[in-house]
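Topology and contacts: notes
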Amino acid sequence: KEVNLEEYVFESDEIKKVLSNAVKVAKYECNVLITGESGVGKEIFANGIYKFSKRNHGPYVKINCSSIPENLLESELFGYEKGAFTGANKEGKLGFFEIANGGTLFLDEVGELPLSLQAKFLRVLQEKEMYRVGGTQPIKVDVRIIAATNRDLADMVKSGKFREDLYYRLNVFQIHVPPLRERKGDIIPLAKHFINKYNKKFYMNKYFDESAILYLLEYPWYGNIRELDNLVQRLLISSDQNTITVMDVVNSLDKKELIDENTSLTLKEELERIECKILKKAKIQ
């Protein structure tokens, strides 16, 4: 049976296990680290943890550590007192920690957190208090941290790019979301979900034929769910017929991703190989 969590559809045992772990840890007041490649749906599971937690009536604040310039990140996280620096709001400003007080703070791309800020961040986790930029009085904060990253934080610790003590503070309970190519049972449900979604949005009535479906299962999906989502939108817009064929799919994909890097086949030869594989699989079924 399909499970739909905030428009995230899956059927694979791998993701059922991930969801089970997310629901379990949601009930306990500990920090959670969600790992996985870009585009696998880490934020969806962070949302699920918040939804099933005791803090789900409190604030839920999201911040992407890679999207805010390093020189602004400190004031965004911790806020600042009035007159703290030139150009600052005259009344001062609350930071994300204070805004999330009593609730949950989701830190996406936490591996991008500058080393210079990690010590201050660690202090908040240890002491449950913080100082605004330019402030002298400690401010008590009660915040649960859910962090996510597509980087290997343990490797970053070894290379001195991430504090070991902060890593262990964040990594109380780890949830790893496997890439789409390792949970093929989710590919078709997701493809159907997206085509239904964009058929409604674009006022269309298009569908995949069997050869296209089989090809989707063979494709490696290095961009994961985000890549599949984007592909379905391109296919609906670019295809001239209601039936989307395997060639429509192939023509809409990044040609660099089609060729196995371990072979010396041309694109034409690789497409013929894939076509033969699809036909054989169709006959078996």
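Summary of the structure given here.

Each value, and the rule that gives it
- Residues numbered from 1 in each chain as written.
- Predicted model: local features only at pLDDT ≥ 70, side-chain atom pairs only at ≥ 80, totals over all residues.
- Heavy atoms only, no water.
- Helix = DSSP H or I, 4+ residues; strand = E, 2+ residues; numbered from the N terminus.
- Buried < 20%, exposed > 50% of the residue type's maximum accessible area, 1.4 Å probe, protein only.
- Contact = heavy atoms within 4.5 Å.
- Areas by Shrake-Rupley, 256 points an atom, 1.4 Å probe, with all protein chains shown as cover.
- Pairing = 2+ DSSP bridges.
- Axes fitted to C-alpha atoms, helices over the stretch in contact; angles between N-to-C directions.
- Phe/Tyr/Trp six-rings, centres within 6.5 Å; stacked < 30°, edge-to-face > 60°.
- Lys NZ or Arg CZ within 6 Å of the ring centre and 35° of its normal.

1. Overview of the overall build of the protein chain
- Summing up its helical and strand segments, the protein chain has 13 helices and eleven strands in all.
- Counting across all 285 residues of the protein chain, residues that qualify as buried make up 48%.
- If you take every contact in the protein chain between residues at least 6 apart in sequence, the share linking residues at least 24 apart comes to 73%.
- Accessible surface, the protein chain as shown: approximately 15100 Å² in total, 49% of it carbon and sulfur.

2. Here we look at the sheet that holds strand S3 (residues 32–35)
- A sheet is described by the order of its strands in space; here five strands give the open sequence S4-S5-S8-S3-S9, paired in parallel fashion. A strand with exactly one partner marks an edge of an open sheet, and here the two such strands are strand S4 (60–64) and strand S9 (173–176). Across the sheet, the mean angle separating the axes of adjacent strands is 15° when strand polarity is ignored.
- When S4 meets strand S5 (residues 104–108), the two strands line up parallel, connected through five bridges. By the bridge assignment, Asn 64 is partnered in S5 with Asp 108.
- Across the sheet, helix H1 (residues 13–26) lies against S3, strand S8 (144–149) and S9, angled at about 155° from S9, the strand it touches most.

3. What about the packing of aromatic side chains?
- One pass over the full model with this rule turns up seven aromatic pairs.
- For the ring pair Tyr 198 and Phe 202, a centre distance of 5.7 Å and an interplane angle of 20° mean the geometry is stacked. Of the two residues, Tyr 198 and Phe 202 both sit in helix H8 (residues 187–202), four residues apart, roughly one turn of that helix.
- Using a relative accessible area of 4% as the deciding quantity, one classes Tyr 198 as buried.
- One aromatic cluster in this structure is built from Phe 78, Phe 97 and Phe 121.
- Lying across the ring of Phe 78, Lys 120 places its NZ or CZ 4.6 Å from the centre.

4. Overview of helix H2 (residues 42–51)
- Within H2, eight of the ten residues are buried, leaving the element largely enclosed by the surrounding structure.
- Taken together, the buried positions of H2 are occupied by Lys 42, Ile 44, Phe 45, Ala 46, Asn 47, Gly 48, Ile 49 and Tyr 50.

Limitation: the analysis is restricted to geometry and does not speak to function.
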